[in-house]
Amino acid sequence: FASPYLRWRALGMVPALISATGFAAYRGLLNTVTPLKVSLLTSGANLVLDPLFIFYGRFGFIGAAMATGVSELLGGLTYLKLLFRRKLANWSMITKPPSTKALAPLIKGGAAMLIRQMAINVGLIAATRRAQVLDPSGVTGAAYGICMQIYNIGIVIIIAMQGSAAALVPANLAQCGEEKARECADRLLGWSALIGTAVGAMQFFLLPFVVPMFSTLPEVREAVRVPAIISALMQVVNGPVFGGEGIMLGLGSYRDLALITWGGIVAMILTLASPIGKGLDGIMWSLLSWSVFQSVGTVLHYLKISPLAVKRKYLTSK
């Protein structure tokens, strides 16, 4: 079942990359409303096309991949039209091969981000694999999937702070100088911590109502209970993580971010390999250790190493 699904799903890769480029361009313009409208358009199209392809078209699970691919194509074409309209792109620039000088910073930054993404993939695959092989009944695997679905709902809210920091901090640095950029970064970190705490608390109190929406099996609901509470604690820790990551992205600290991410993955895998990681609770504790490492690493980087670090400010003033 996976192979045909992935083949159809892969057709949306190029449009998805175009959409990602368009989103980044509008984020650089400090325009977050247009990407939101495009996201609503593509999500709405996917919502309509899913039942049409799956049930009426009788494509089954392949229809879901087809619907997603068409939605991503719609998003990519929409961003292309918008970029052409604002004269941020034209066919001569798109078809012209870039110079080596222009490619060098892209390759350097892109390589670091690719290494970071590899670390994230390794961590998520390791956790998912452990959950799937814990018991043959599939209860643990189902419970893990539900935990991550609930967790990802909250992440969508918190990760917005990453994009905000990545856009606002460099904009303030370029327009107003280091002091204003530092004040902006301080506020974003504070708001990220508050939002993470609020999302974690909301998830904790809503668990009795949310979990039954994902499964009717009593054994699965019971298996989800403690891991879901741990995932709520992860939301609290993730507040500073995404704020700090956004600051690092905005300042171009891609290599350091990749190193911090790999450090978090090592902490996670060590926890997973220890006696703690033998059950579903342990898997979630290992993911929490990853988040804790990321949180400490990104905040310390901002305070001690980044171009906006207080220590550097003191040395410059002297």
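What counts and what doesn't
Residues numbered from 1 in each chain as written. Predicted model: local features only at pLDDT ≥ 70, side-chain atom pairs only at ≥ 80, totals over all residues. Heavy atoms only, no water. Helix = DSSP H or I, 4+ residues; strand = E, 2+ residues; numbered from the N terminus. Rg over C-alpha atoms; globule rule 2.2 N^0.38 Å. Contact = heavy atoms within 4.5 Å. Expected span 1.5 Å × (residues − 1). Buried < 20%, exposed > 50% of the residue type's maximum accessible area, 1.4 Å probe, protein only. Polar contact = N/O pair within 3.5 Å; in protein donor to acceptor, adjacent residues only side chain to side chain. Axes fitted to C-alpha atoms, helices over the stretch in contact; angles between N-to-C directions. Parallel < 35°, antiparallel > 145°, perpendicular 65-115°, else oblique. Left-handed = near helix turned anticlockwise from the far one by under 90°. Nonpolar A, V, L, I, M, F, W, Y, C, P; charged D, E, K, R; others polar. Phe/Tyr/Trp six-rings, centres within 6.5 Å; stacked < 30°, edge-to-face > 60°. Patch = residues over 30% accessible without salt bridge, like charges linked within 9 Å, V, L, I, M, F, W, Y side chains within 5 Å. Areas by Shrake-Rupley, 256 points an atom, 1.4 Å probe, with all protein chains shown as cover. Salt bridge = Lys/Arg side-chain N within 4 Å of Asp/Glu carboxyl O. Core = buried A, V, L, I, M, F, W, Y, C linked by side-chain atoms within 4.5 Å.

(A) Structural detail: the overall build of the chain. Along the backbone of the chain there are 13 helices and 0 strands. Secondary structure elements of the chain, listed N to C terminal, follow the sequence α-α-α-α-α-α-α-α-α-α-α-α-α. Its C-alpha atoms give the chain a radius of gyration of 21 Å, near enough to 20 Å, the size a compact globule of 318 residues would have. In terms of principal-axis extent, the alpha carbons of the chain reach across some 65 × 50 × 35 Å. A separation of at least 24 residues holds for 77% of the contacts in the chain among residues at least 6 apart in sequence.

(B) Region of the structure containing helix H8 (residues 160-176). Along its 17 residues, H8 runs 23 Å from first to last C-alpha, staying within 8% of the 24 Å computed at 1.5 Å per residue. Considered for burial, the residues of H8 that qualify are Met161, Gln162, Gly163, Ala165, Ala166, Ala167, Val169, Ala171 and Asn172. Buried residues along H8 sit in contact with helix H2 (13-28), helix H6 (100-133), helix H7 (139-158), helix H9 (178-214) and helix H10 (218-250). Gly177 lies just past H8 and shows a positive phi near 100 degrees.

(C) Just the side chain of Thr298, in detail. Here Thr298 lies in helix H12 (residues 280-305). A distance of 3.2 Å separates a polar side-chain atom of Thr298 from the backbone oxygen of Ser295. Apart from the residues lying within four places of it in its own chain, the contact partners of Thr298 are Pro240, Val241, Gly244, Glu245, Met248, Leu257 and Ile260.

(D) Looking closely at the packing of H10 against H12. As a packed pair, H10 and H12 sit with axes 8 Å apart at the nearest point and diverge in direction by 20 degrees. Between H10 and H12, the angle is such that the two are roughly parallel. Remark: the crossing between H10 and H12 carries left-handed chirality. Taken together, the residues of the contact of H10 with H12 break down into 19 nonpolar, 8 polar and 2 charged.

(E) How the structure looks around the environment of Ala127. Tracing the backbone through its elements, the reader meets Ala127 in helix H6. Among the residues examined, Ala127 registers a relative accessible area of 0% and is labelled buried. Here the alpha-carbon distance between Ala127 and Ala185, two residues 58 residues apart in the chain, equals 32 Å. If we skip the residues at most four places from it in the chain, Ala127 touches Tyr144, Met268, Leu272, Ile283 and Leu287.

(F) Just the packing of aromatic side chains, in detail. Here the structure, examined in full by the defined rule, presents 4 aromatic pairs. Seen in terms of ring centroids, Phe84 and Trp91 are 5.1 Å apart; in terms of plane orientation they differ by 40 degrees. Their pairing is tilted. Among the residues examined, Trp91 registers a relative accessible area of 55% and is labelled exposed.

(G) Main features of a nonpolar patch on the surface. A contiguous nonpolar patch, built from Leu47, Val48, Leu52, Phe55 and Tyr56 and spanning about 620 Å² of accessible area, is present on the exposed surface. Checked against the element boundaries, Val48 lands in helix H3 (residues 33-56). The exposure class assigned to Val48 is partly exposed, which follows from its relative accessible area of 48%.

(H) Representation of the environment of Arg130 within the structure. Its place among the elements puts Arg130 in helix H6. For Arg130, a relative accessible area of 22% translates into the label partly exposed. Distance from Arg130 to Lys304, taken between C-alpha atoms, is 36 Å for residues 174 residues apart in sequence. Filtering out sequence-adjacent residues up to four positions away, Arg130 remains in contact with Leu272, Gly277, Lys278 and Ile283.

(I) Summary view of the nonpolar core. Ranked by internal contacts, the top residues of the largest apolar core, which has 34 residues, are Tyr144, Val224, Ile283, Met284 and Leu287. Counting residues per element, the ones that place at least two in this core are H6, H7, H9, H10, helix H11 (254-273) and H12.

(J) Structural detail: the side chain of Ser19. Along the chain, the position of Ser19 falls in helix H2. Residue classification places Ser19 among the buried residues on the basis of a relative accessible area of 16%. Of note is the side chain of Ser19, whose polar atom sits 3.2 Å from the backbone nitrogen of Gly76.

(K) Just the pattern of salt bridges, in detail. Applying the stated rule across the entire model yields 7 salt bridges. The salt bridge involving Arg116 is made with Glu245; its shortest N-O contact spans 3.0 Å. Placement of Arg116 in helix H6 and of Glu245 in helix H10 is noted, with a sequence separation of 129 residues between them. By relative accessible area, which is 3% here, Glu245 ends up buried. Overlapping salt bridges, with partners in common, bring together Glu178, Glu179 and Arg182 in one network.

(L) Fine view of the packing of H6 against H11. Viewed as axis vectors pointing N to C, H6 and H11 meet at an angle of 15 degrees, and their least axial separation amounts to 8 Å. Taken as axis vectors, H6 and H11 run roughly parallel relative to one another. The interaxial crossing formed by H6 with H11 has left-handed handedness. Residues of the contact of H6 with H11, tallied by class, amount to 17 nonpolar, 3 polar and 3 charged.

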